[in-house]
Protein chains: 2
Amino acid sequence: MSAIDHLVHANEKYVQTFPGARPLRPKLRLTVITCMDSRLDLFGALGLDIGDAHLIRNAGGIPTDDVLRSLALSQRALGTREVVIIHHTQCGMDGFDDPAFRAELAAESGQEPPWRVDGFTDLYEDTRRSVRTVRECGWIPHRDDVRGFVFDVATAALTEVT
Amino acid sequence: MSAIDHLVHANEKYVQTFPGARPLRPKLRLTVITCMDSRLDLFGALGLDIGDAHLIRNAGGIPTDDVLRSLALSQRALGTREVVIIHHTQCGMDGFDDPAFRAELAAESGQEPPWRVDGFTDLYEDTRRSVRTVRECGWIPHRDDVRGFVFDVATAALTEVT
């Protein structure tokens with residue numbers, strides 16, 4: 001049985017205890033931006049309930065243009081106001097060499113990827129940079145409550161980065 | 001107290017029951033691509049455990065270039081093989097007018113957004129299109145197991161789209 005088939009079976013049990021419909025607009029008026037990393041269960045780690053917050057995730061939790069597009073939609077169309085950015089220890093983007101990665105893809109596929117997303121070497125400084133990127137983005141109407149945190153994947157503790 | 005302060009308090013409890021460190025490479029060798037929607041608790045809905053799968057989320061669960069970047073990294077650097085794409089009922093991207101949204105942002109900020117991400121009118125057809133986009137992307141090495149599903153936000157039921 002494939003991993004996907006296991007998920008489908010697990011979903012059949014989940015349906016039996018699902019609390020039912022909730023509104024489209026997030027109850028906490030909050031958006032979380034974080035990494036795709038498998039050790040981040042945001043509902044558990046942040047005490048979220050169904051319907052509470054938008055969750056945007058990519059490799060690194062970096063506010064790329066696509067993340068800013070999603071955040072602009074979250075605030076303008078769906079009423080969110082606060083933003084949390086969570087980076088984490090042992091991230092695959094730590095020390096990541098983007099030019100080398102893009103050159104590898106271009107050599108194999110014959111097509112140069114359009115993205116340029118650098119890795120980082122200082123987790124805390126990178127978190128600060130991500131907070132600044134959101135605070136300086138003119139497409140995002142609500143930028144007073146943008147806060148950055150680091151999640152420790154060994155202990156699950158959140159540390160605010162100021 | 002802000003919504004973010006509530007999350008920080010909830011995290012203090014979560015730390016006490018966290019199972020501890022897990023490897024960087026996802027155990028199920030799986031990546032899930034889905035929407036930022038607040039009603040999708042993927043750990044619950046798919047029976048995932050800490051360390052199981054990469055979770056990539058944006059507005060719509062649409063495989064934009066940034067999502068393909070994350071997926072390429074997931075497979076090439078971190079060993080994942082299977083891909084699940086989950087779209088859902090009552091999505092904010094259903095009927096979304098991208099040219100109008102970009103024009104609104106350009107008028108307010110004086111800067112034209114670089115993205116072009118159309119909404120959709122047929123949820124199932126859009127799911128098929130997203131699966132095709134991943135299957136046809138030359139930067140993704142493993143494309144044999146790419147499957148699409150629709151999540152019903154009223155019942156939590158998953159339906160495979162073939």
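Further up the page is the structure itself.
What comes next concerns the included structure. Computed from a predicted model, the values in this text were never measured in an experiment. (Residues numbered from 1 in each chain as written. Chains lettered and ligands numbered in written order. Predicted model: local features only at pLDDT ≥ 70, side-chain atom pairs only at ≥ 80, totals over all residues. Heavy atoms only, no water.)

**With respect to the environment of Asp5 of chain B**
All names here are of chain B.
Argument step 1. Mapping Asp5 onto the fold places it in helix H1 (residues 3-17).
Argument step 2. A C-alpha to C-alpha distance of 34 Å links Asp5 and Ala107, two positions 102 residues apart in sequence.
Argument step 3. At 3.1 Å, the side chain of Asp5 forms a polar contact with the side chain of Ser2. (Helix = DSSP H or I, 4+ residues; strand = E, 2+ residues; numbered from the N terminus. Polar contact = N/O pair within 3.5 Å; in protein donor to acceptor, adjacent residues only side chain to side chain.)

**Digging into helix H3 (residues 65-78) of chain A**
Residues and elements named next belong to chain A.
Argument step 1. With 14 residues, H3 should reach 20 Å at 1.5 Å per residue; the first-to-last C-alpha distance of 19 Å fits that figure.
Argument step 2. Counted residue by residue, H3 has 11 buried out of 14 residues, so it is predominantly covered.
Argument step 3. Of the residues making up H3, those classed as buried are Asp66, Val67, Leu68, Arg69, Ser70, Leu71, Ala72, Leu73, Ser74, Gln75 and Leu78.
Argument step 4. Trailing H3 by a residue or two, Gly79 shows a phi angle of about 80°, which is positive. (Expected span 1.5 Å × (residues − 1). Buried < 20%, exposed > 50% of the residue type's maximum accessible area, 1.4 Å probe, protein only.)

**Observations regarding the interface of chain B and chain A**
Argument step 1. Of the residues lining the interface, 82 residues belong to chain B; the matching set on chain A comes to 82 residues.
Argument step 2. Around 6,900 Å² of area is buried between chain B and chain A when both sides are counted, 66% of it from carbon and sulfur atoms.
Argument step 3. It is Met36, Arg69 and Trp139 of chain B in chain B that bury the most area against chain A; as a group they hold 12% of the surface buried on that side.
Argument step 4. Run the count over chain B and chain A and you get six salt bridges.
Argument step 5. As a salt-bridge pair, Asp5 of chain B and Arg147 of chain A come within 3.2 Å of each other at their nearest N and O atoms.
Argument step 6. Linking chain B with chain A are 35 residue pairs in polar contact (both at pLDDT 80 or more).
Argument step 7. For the side of chain B that touches chain A, the leading source of residues is helix H3 (residues 65-78) of chain B, giving 10 residues.
Argument step 8. Across the side of chain B that touches chain A, the residue classes tally to 46 nonpolar, 18 polar and 18 charged. (Contact = heavy atoms within 4.5 Å. Buried area = accessible area lost by both parts, 1.4 Å probe. Salt bridge = Lys/Arg side-chain N within 4 Å of Asp/Glu carboxyl O. Nonpolar A, V, L, I, M, F, W, Y, C, P; charged D, E, K, R; others polar.)

**Regarding unusual backbone geometry**
Argument step 1. Its identity as a non-glycine residue notwithstanding, Arg29 of chain A has a phi of 50°, on the positive side.
Argument step 2. Considering the arrangement of structural elements, one finds Arg29 of chain A in the loop between helix H1 (3-14) and strand E1 (30-35).

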